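# Architecture and fold: a report
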Amino acid sequence: TPFPYTPRFRSAVEPLPLSIWDRLPAMIEKTGGIITVQNESYLAAEYSSKLFGFVDDMEFRKAADAVQVRSGSRVGHSDMGANNKRIVEFRKAITP
């Protein structure tokens, strides 16, 4: 089941391949995130902007056939594309 749309999480996107689930913690760390919750089917991470220290949340949910992903800002109405860019970086990292 995909994550529900919420105004805070505007960057819910196409799922990632299930095969990357075990690599997610290392990818999060490599991209500057801090894991805040991790269990067998859910992973949450925080990212802080370098300039103002705004915190964004990124979430992953392991489904039967894919990994659902979404990223959103905690405050404000615009993230200047940071959350979408982060998800694009994850896609590039898993593409051969």
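Keep in mind that this is a model prediction, so the values were computed, not measured.

Turning our attention to the pattern of salt bridges. For the structure shown, the criterion picks out one salt bridge. Of the charged contacts, one joins Glu-59 and Arg-70 as a salt bridge, the two residues approaching to 2.6 Å between their closest N and O atoms. Of the two residues, Glu-59 sits in strand β4 (residues 55-62) while Arg-70 sits in strand β5 (residues 66-73), which places them 11 residues apart along the sequence. The class of Arg-70 is buried, set by a relative accessible area of 10%.

Let's shift gears to the pairing of β5. A large share of β5 lies buried, amounting to eight of its eight residues. The alternating pattern of β5 places Ala-66, Gln-68, Arg-70 and Gly-72 and Val-67, Val-69, Ser-71 and Ser-73 on opposite faces, both of which are buried. Here two bridges tie strand β1 (residues 16-17) to β5, and the two strands are oriented antiparallel to one another. Among the inter-strand pairings, Leu-16 is bridged to a residue of β5, identified as Val-67. Pairing of β4 with β5, which is carried by seven bridges, proceeds in the antiparallel orientation. Bridging from a neighbouring strand, Asp-56 pairs with Ser-73 of β5. The antiparallel pairing of β4 with β5 creates a hairpin that spans three residues between the two strands.

As a further point, take the environment of Val-37. Structurally, Val-37 can be placed in strand β2 (residues 34-38). Overall, the relative accessible area of 37% leaves Val-37 in the partly exposed class. A C-alpha to C-alpha distance of 9.2 Å links Val-37 and Glu-59, two positions 22 residues apart in sequence. Dropping the residues within four chain positions of it, Val-37 is found in contact with Tyr-42, Leu-43 and Ala-44.

Another point: the sheet that holds strand β3 (residues 42-48). In space, the five strands of this open sheet follow the order β1-β5-β4-β3-β2, with antiparallel pairing throughout. Here the strands that pair on one side only, and so sit at the sheet edges, are β1 and β2. Against the sheet, helix α2 (residues 82-94) makes contact with β1, β3, β4 and β5, and its axis sits at roughly 45° relative to β4, the strand it touches most.

Moving on to α2. Compared with an ideal rise of 1.5 Å per residue, which puts 13 residues at 18 Å, α2 spans 19 Å between its outermost C-alpha atoms and is within 8% of the ideal. Those residues of α2 not exposed but buried are Asn-83, Arg-86, Ile-87, Phe-90 and Ile-94. Taken down its axis, α2 places every buried residue within 95° of arc, on the same side. Relative to its buried face, α2 has exposed residues pointing more than 90 degrees away, namely Lys-85 and Lys-92.

Reading the values: rules and limits
- Residues numbered from 1 in each chain as written.
- Predicted model: local features only at pLDDT ≥ 70, side-chain atom pairs only at ≥ 80, totals over all residues.
- Heavy atoms only, no water.
- Salt bridge = Lys/Arg side-chain N within 4 Å of Asp/Glu carboxyl O.
- Helix = DSSP H or I, 4+ residues; strand = E, 2+ residues; numbered from the N terminus.
- Buried < 20%, exposed > 50% of the residue type's maximum accessible area, 1.4 Å probe, protein only.
- Pairing = 2+ DSSP bridges.
- Contact = heavy atoms within 4.5 Å.
- Axes fitted to C-alpha atoms, helices over the stretch in contact; angles between N-to-C directions.
- Expected span 1.5 Å × (residues − 1).
- Arc of directions from axis to C-beta.

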